[in-house]
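Structural overview for review
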Amino acid sequence: MSESRGLSLLTRVPPGVFTALTWCAAMVYVLAVYATFPGQSRPVDYPQAGTSPSISGWLTLAAATAVTLAGSTLLHRRPLPAFALLLGSAFAASMALNMAQIPLLLFLAADVALGFLAAARPRGTSLAAAATALGALVGYPSVRLLLAGPVSSTAELADALSVAVAWLIGNTVRQARDHTRTSRAQTAAQAVTAERLRIARELHDLVAHNIGIIALQAGAARMVINIDPPSASEAMTAVETAGRETLAGLRRMLGALRQAEPDDPSGAAPLGPAPGLADVERLAAATAAAGVRVEVRWLGERRPLPPEIDLSAFRIVQESITNVVRHAGAGSCQVSIDQRPEELSVEVLDDGRGCAAAAGTGYGLIGMRERVGLLHGEFSAAPRPEGGFRVTARLPLPTGVR
């Protein structure tokens, strides 16, 4: 936590602060080199300089420091002009010290600025700054030669390498940041897509079953309304009940979609408890009222299941029964739920004429495959050789549930 806070603070510091501190550190070193200490007759670190700078040389160093501070202030708003000021300061300070090359220590402020430009600015801007730095390194010995002064090509090559290293480091930081941003955007897009698919599955499973029941009950009521009014009234009551359950489920889902936070003050309705295998008996009773008898067989030891497995198993049973009601033309079906130590097995059998979506293109079958796939299980849906249709799903159980 402390490391992340430190990194966050570091990224919030303006880049000009680092260039100014680097230059000031270089100036402190220069002053230390030219100070007179007991037993020291001349500067040992700058032998080319010969003697200490003159008064005009010290004034030039002071002016270069002021220009560097001004360039550091402008670095964030006007990167290229500010970078030119930093290079000019290094150039002028080196001339004031009568150096055969621009010392790497004085060039570090420009290198730091170049690294920030490569990391935070468009690549064209950082490349232009790098080219300007290399041009300054070529221009300095040229001016020294015109003034009949000594030059050091080896030291200039070291400065040029520092320019390349600074640009590469900054560009690497930029690429890493762009990669992180792209990865986050892809992750967010995948999360949105997964959530849309989940909502689509829930809506399909919620609506398709109840609408199928409503259609069957309404058809039965229409057929017997004149000859058996009590049966027609009972069927219409079932239609009303299924319709109310569908509307209630839709309201809960839409309320959850509107609710951004658990304590959202907007008053959106919270999502009610998700259905599970405990609701299979109620599902079977509602389907029996629509004219299709559902036999539920429980095998193995019934234990609490993880919510995602419990919900997915219920939705698979619900969608399978819906397909039997709508497509199979069967009067009954059998649901087997077997909870073993390592997995939960669900099987739905009917002896009808088969499902119209048996080829695997129906949304219901696609949704069931997606649910099982997300839980790393196995799913199959195919006609039975002896007639009818079989849907099976095997969902592995987490270790803690076994």
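The notes below deal with the structure included here.

Each value, and the rule that gives it
Residues numbered from 1 in each chain as written. Predicted model: local features only at pLDDT ≥ 70, side-chain atom pairs only at ≥ 80, totals over all residues. Heavy atoms only, no water. Axes fitted to C-alpha atoms, helices over the stretch in contact; angles between N-to-C directions. Helix = DSSP H or I, 4+ residues; strand = E, 2+ residues; numbered from the N terminus. Parallel < 35°, antiparallel > 145°, perpendicular 65-115°, else oblique. Left-handed = near helix turned anticlockwise from the far one by under 90°. Contact = heavy atoms within 4.5 Å. Nonpolar A, V, L, I, M, F, W, Y, C, P; charged D, E, K, R; others polar. Salt bridge = Lys/Arg side-chain N within 4 Å of Asp/Glu carboxyl O. Buried < 20%, exposed > 50% of the residue type's maximum accessible area, 1.4 Å probe, protein only. Patch = residues over 30% accessible without salt bridge, like charges linked within 9 Å, V, L, I, M, F, W, Y side chains within 5 Å. Areas by Shrake-Rupley, 256 points an atom, 1.4 Å probe, with all protein chains shown as cover. Expected span 1.5 Å × (residues − 1). Pairing = 2+ DSSP bridges. Phe/Tyr/Trp six-rings, centres within 6.5 Å; stacked < 30°, edge-to-face > 60°. Lys NZ or Arg CZ within 6 Å of the ring centre and 35° of its normal.

**Some remarks on the packing of helix α5 (residues 104-120) against helix α6 (residues 123-146)**
Two elements in contact, α5 and α6, have axes whose closest approach is 9 Å; the angle formed by their N-to-C orientations is 160°. Between α5 and α6, the crossing angle belongs to the class labelled roughly antiparallel. Seen from above, α5 lies across α6 with left-handed handedness. Within the contact between the two elements, α5 uses Phe107, Leu114, Leu117 and Ala118 and α6 uses Ser126, Ala129, Ala130, Ala133 and Leu137. Of the residues contributing to the contact of α5 with α6, the split by class is 8 nonpolar, 1 polar and no charged.

**Here we look at the pattern of salt bridges**
Enumeration over the complete set of coordinates arrives at 8 salt bridges. The salt bridge involving Arg303 is made with Glu301; its shortest N-O contact spans 3.4 Å. Judged by its relative accessible area of 21%, Arg303 falls in the partly exposed class. Its salt-bridge partner being Glu386, residue Arg384 comes within 2.7 Å of it at the nearest N-O pair. For Glu386, a relative accessible area of 55% translates into the label exposed.

**Side note on the side chain of Ser320**
Within the fold, Ser320 resides in helix α10 (residues 307-328). Those residues in contact with Ser320, other than ones at most four positions away along the chain, are Val348, Met368 and Val391.

**Quick look at a nonpolar patch on the surface**
A surface patch of nonpolar side chains, amounting to about 250 Å² of accessible area, comprises Val165, Ile169 and Val173. Along the chain, the position of Val165 falls in helix α7 (residues 153-224). Given a relative accessible area of 45%, Val165 falls into the partly exposed group.

**Regarding unusual backbone geometry**
Of note, His376 is a non-glycine position whose phi angle comes to about 60°, a positive value. Structurally, His376 is set in the loop between α11 (363-374) and β4 (378-383). The class of His376 is exposed, set by a relative accessible area of 68%.

**Considerations on the environment of Arg394**
With respect to the helices and strands, the residue Arg394 is situated in strand β5 (residues 389-396). Arg394 gets classed as partly exposed once you look at its relative accessible area, which sits at 35%. Expressed as a C-alpha distance, the spacing of Arg394 and Val346, which sit 48 residues apart in the sequence, is 6.5 Å. Not counting the four nearest positions on each side in its chain, Arg394 is found in contact with Glu343, Leu344, Ser345, Val372, Gly377 and Glu378.

**Describing the packing of helix α4 (residues 79-96) against α5**
Where α4 contacts α5, the two axes come as close as 8 Å, and the packing angle between them is 165°. In terms of orientation, α4 lies roughly antiparallel with respect to α5. Pair α4 / α5 crosses with left-handed handedness. Only Leu106, Phe107, Ala109, Ala110, Ala113, Leu114 and Leu117 of α5 make contact with α4, whose side of the interface consists of Pro79, Phe83, Leu86, Leu87, Ala90, Ala93 and Ser94. Looking at the contact of α4 with α5, its residues break down into 13 nonpolar, 1 polar and no charged.

**A closer look at α6**
Residues separated by three or four positions in an α-helix point in the same direction, a consequence of the helix having 3.6 residues per turn. For α6, built from 24 residues, the straight-helix expectation of 34 Å at 1.5 Å per residue is met to within 8% by its first-to-last C-alpha distance of 35 Å. Following α6 by one or two positions, Ala148 has its phi on the positive side, about 60°.

**Remarks on the sheet that holds strand β1 (residues 293-300)**
On the basis of which strands lie adjacent, the open sheet formed by 5 strands has the order β1-β2-β3-β5-β4 and mixed pairing. Whereas interior strands pair on both sides, the edge strands pair on one side only; in this sheet they are β1 and β4. Recorded for the sheet is a direction-independent mean angle of 10° between the axes of neighbouring strands. The pairing of β1 with strand β2 (residues 332-339) spans 8 bridges and is classified as parallel. Residue Arg293 lies in a different strand from β2, and its bridge partner there is Ser332. Those strands touched by helix α9 (residues 280-289) are β1 and β2, and its axis lies near 160° from that of β1.

**A look at the packing of aromatic side chains**
This structure, assessed with the given rule, holds 2 aromatic pairs. Both rings, one in Phe18 and one in Phe116, keep their centres 5.6 Å apart while their planes meet at 25°; by these two values the pair is stacked. Here Phe116 lies in helix α5 and Phe18 lies in helix α2 (residues 15-34), a separation of 98 residues in the sequence. In this arrangement the basic side chain of Arg302 is found over the ring face of Trp298, its NZ or CZ atom lying 3.6 Å from the centre.

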